[in-house]
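Residue-level structural notes
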Amino acid sequence: MQGSRSVVARTLTLELARVTERAAIAAAALRGQGNEKAADQAAVDAMRAELNALPIDGTVVIGEGERDRAPMLFIGERLGSGGGPRVDLAVDPLEGTTLCAKDMPGAIAIMAMAERGSLLAAPDVYMQKIAIGPGYPPGLVDLDASPADNIAALARAKGVPTSQIVAIVLDRPRHGDLVAAIRATGAGVRLISDGDIAGIIFTNSPDETGVDIYLGIGAAPEGVIAAGALRCIGGQMQGRLILDTLEKRRRAQDMGIGDPNRKYELTDLARGDVTVAATGVTDGALLRGVRFKPGVIETETVVYRSATGTVRRILGEHRRAERNAD
Ligand code: VTB
Ligand code: MG
Ligand code: MG
């Protein structure tokens, strides 16, 4: 990746939009069908085909599917037409399979790409995460502090009472105690059924989203991809893999994870020049969903690039619909 590295990376930045567009269109064709696996498979196949057309020497370091046996772009899979830059790929072809299957808001196709060795290579396990927006002193909140302490620190720094803080949390039985602890401070909890990449990104613009902090346990792939986006737009994040069985610890060890309890900072999750692209599948607060219109398919995509902090929103009008709807 010598001298031409940054030029190649810049060119590829916009190529990623094509990848997530195609995955989103494929999944959107199955919106509301109640078939999560079929929608996921369609997104996976489309993403794989489009990545294989890119002039990259890519390796999937973060994929989804082991955990729930979803059809996956598997960890270690090599992608690209070869010859180009050596890159890490972190993919979630359909983030929010249930949202897509039920045609509920917030399903997206998303992936991150970075120079080889830049993205945390982790098994598809759960991850404890915390994230807040930009503009706060480093270390203001901490994964190992209590929810009450984190919310108090955030409220103080923001200059508001804790009752004006809103935490976004995945709606899961495992978060019962966490939700109670947050509410005990007077803060509000916004529960989401799925989609914690967007949940983390929401903390970046509290004035628009009303969300100040992400807390709780989601999946590791989503954690790494969210970190890639935050590397571009700012904000703080920490994560810790939940390696609660011997088998998971072994898998992690095989992937080079020495300390199973390590607390990862943002740049441990995603360092260097990271590009993240996402296309809406169903309508959501982050992105509009795919629109199928006579003769044209419309998409909305966002591309984040950490090297420059540039965010691009791309509205696609796809007229060769039969190709894209495959
Ligand atoms: C998490 C979350 C994702 O699925 O992976 C969740 O990070 C699965 O968690 O955003 P459960 O096993 O508790 O359902 C998503 O919500 C969608 O992939
Ligand atoms: Mg997925
Ligand atoms: Mg997902």
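As the structure is a computational prediction, the values presented were derived from the model and not from experiment.

As a further point, take the overall build of the chain. Within the chain, the secondary structure is distributed over 11 helices and 14 strands. Here the C-alpha atoms of the chain give a radius of gyration of 19 Å, agreeing with the 20 Å that 2.2 N^0.38 yields for 326 residues. Seen through its principal axes, the chain has C-alpha atoms that stretch 55 × 45 × 40 Å. Burial status across the chain gives 48% buried among its 326 residues. Within the chain, contacts between residues at least 6 apart in sequence are counted, and of these 71% link residues at least 24 apart.

For the rest of this paragraph, the subject is the pairing of strand E8 (residues 213-219). Burial analysis of E8 places 6 of its 7 residues in the buried class, which makes it a mostly covered element. By the bridge criterion, 7 bridges tie strand E5 (residues 126-132) to E8 in an arrangement that is antiparallel. When the bridges of E8 are listed, Ile130 appears paired with Leu215. Sheet topology places strand E6 (residues 166-170) next to E8; 2 bridges connect them, and they run parallel. By the bridge assignment, Ile168 is partnered in E8 with Tyr214.

Before going further, it helps to spend a moment on the site of ligand 1. Taken together, Glu95, Gly96, Leu170, Arg172, Asp194, Gly195, Asp196, Gly218, Ala219 and Glu222 are the residues near ligand 1. Its residues placed into classes, the shell around ligand 1 shows 2 nonpolar, 3 polar and 5 charged.

The next subject is the sheet that holds strand E7 (residues 188-192). With mixed pairing, 6 strands are arranged side by side in an open sheet as E7-E6-E8-E5-E9-E10. Every other strand in the sheet has two partners, leaving E7 and strand E10 (264-265) as the edge strands with one partner each.

To continue, consider the packing of helix H4 (residues 147-158) against helix H5 (residues 176-184). The contact between H4 and H5 brings their axes to 9 Å, and the two run at 40°. One finds that H4 runs oblique with respect to H5. For the element pair H4 and H5, the recorded crossing hand is right-handed. Across the interface between the two elements, Pro147, Ala148 and Ile151 of H4 pack against Leu178, Ala181, Ile182 and Ala184 of H5. Classifying every residue of the contact of H4 with H5 gives 7 nonpolar, no polar and no charged.

This brings us to the nonpolar core. Counting residues in each nonpolar core, the largest one holds 101 residues, and the members touching the most others are Ala27, Ala43, Met47, Ala109, Met111 and Val224. Ranked by residue count, the leading element in this core is helix H1 (residues 5-28), at 10 residues. When near neighbours in sequence (up to four residues on either side) are disregarded, Ala109 contacts Thr20, Ala23, Ala24, Ala27, Ala43, Met47, Pro93, Leu94, Ala278, Thr279 and Val281.

Its 14 residues place the ends of helix H8 (residues 220-233) 20 Å apart at the C-alpha level, agreeing with the 20 Å of an ideal helix rising 1.5 Å per residue. The buried fraction of H8 amounts to 13 of the 14 residues, a majority that puts the element mostly inside the structure. One or two positions beyond H8, positive phi appears at Gly234, with a value near 95°.

Rules of the game
One numbering rule holds for all chains: residues counted from 1, following each sequence as written. Naming scheme: in the order in which they are written, chains are lettered from A and ligands are numbered from 1. Since the coordinates come from a predicted model, pLDDT governs what is reported: local features require at least 70, and pairs of side-chain atoms require 80 or more to be given and counted, while whole-chain, interface and lining totals use all residues. The way it works is that DSSP assigns letters per residue, a run of H or I at least four long becomes a helix, a run of E at least two long becomes a strand, and they are numbered from the N terminus. Put simply, the radius of gyration uses C-alpha atoms, and a globule should come to 2.2 Å times the residue count raised to 0.38. The burial criterion counts other C-beta atoms lying within 10 Å of a residue's C-beta, which is placed from the backbone; the residue is buried at 20 or more, exposed at 12 or fewer, and partly exposed between these limits. Any two residues are considered in contact once their C-beta atoms, placed from the backbone, lie within 7 Å. Strands qualify as paired when DSSP identifies two bridges or more between them. For each residue, a C-beta atom is positioned from the backbone; the residue is called near a molecule or strand if that atom sits within 6 Å of it. In this classification, the charged set is Asp, Glu, Lys and Arg, the nonpolar set is Ala, Val, Leu, Ile, Met, Phe, Trp, Tyr, Cys and Pro, and all remaining amino acids, among them Gly, are polar. Here an axis means a line fitted to C-alpha atoms, over the contact stretch when the element is a helix, while the angle between two N-to-C directions is reported on a 0 to 180 degree scale. Roughly parallel covers angles under 35 degrees, roughly antiparallel covers those over 145, roughly perpendicular covers 65 to 115, and oblique covers all other angles. When the near helix sits turned anticlockwise from the far one by under a right angle, the crossing is termed left-handed; a clockwise turn instead gives a right-handed crossing. A set of buried residues qualifies as a nonpolar core if it consists of Ala, Val, Leu, Ile, Met, Phe, Trp, Tyr and Cys joined through C-beta atoms within 7 Å. The span you would expect from a helix comes to 1.5 Å times its residue count less one.

In short, geometric facts, not functional conclusions.
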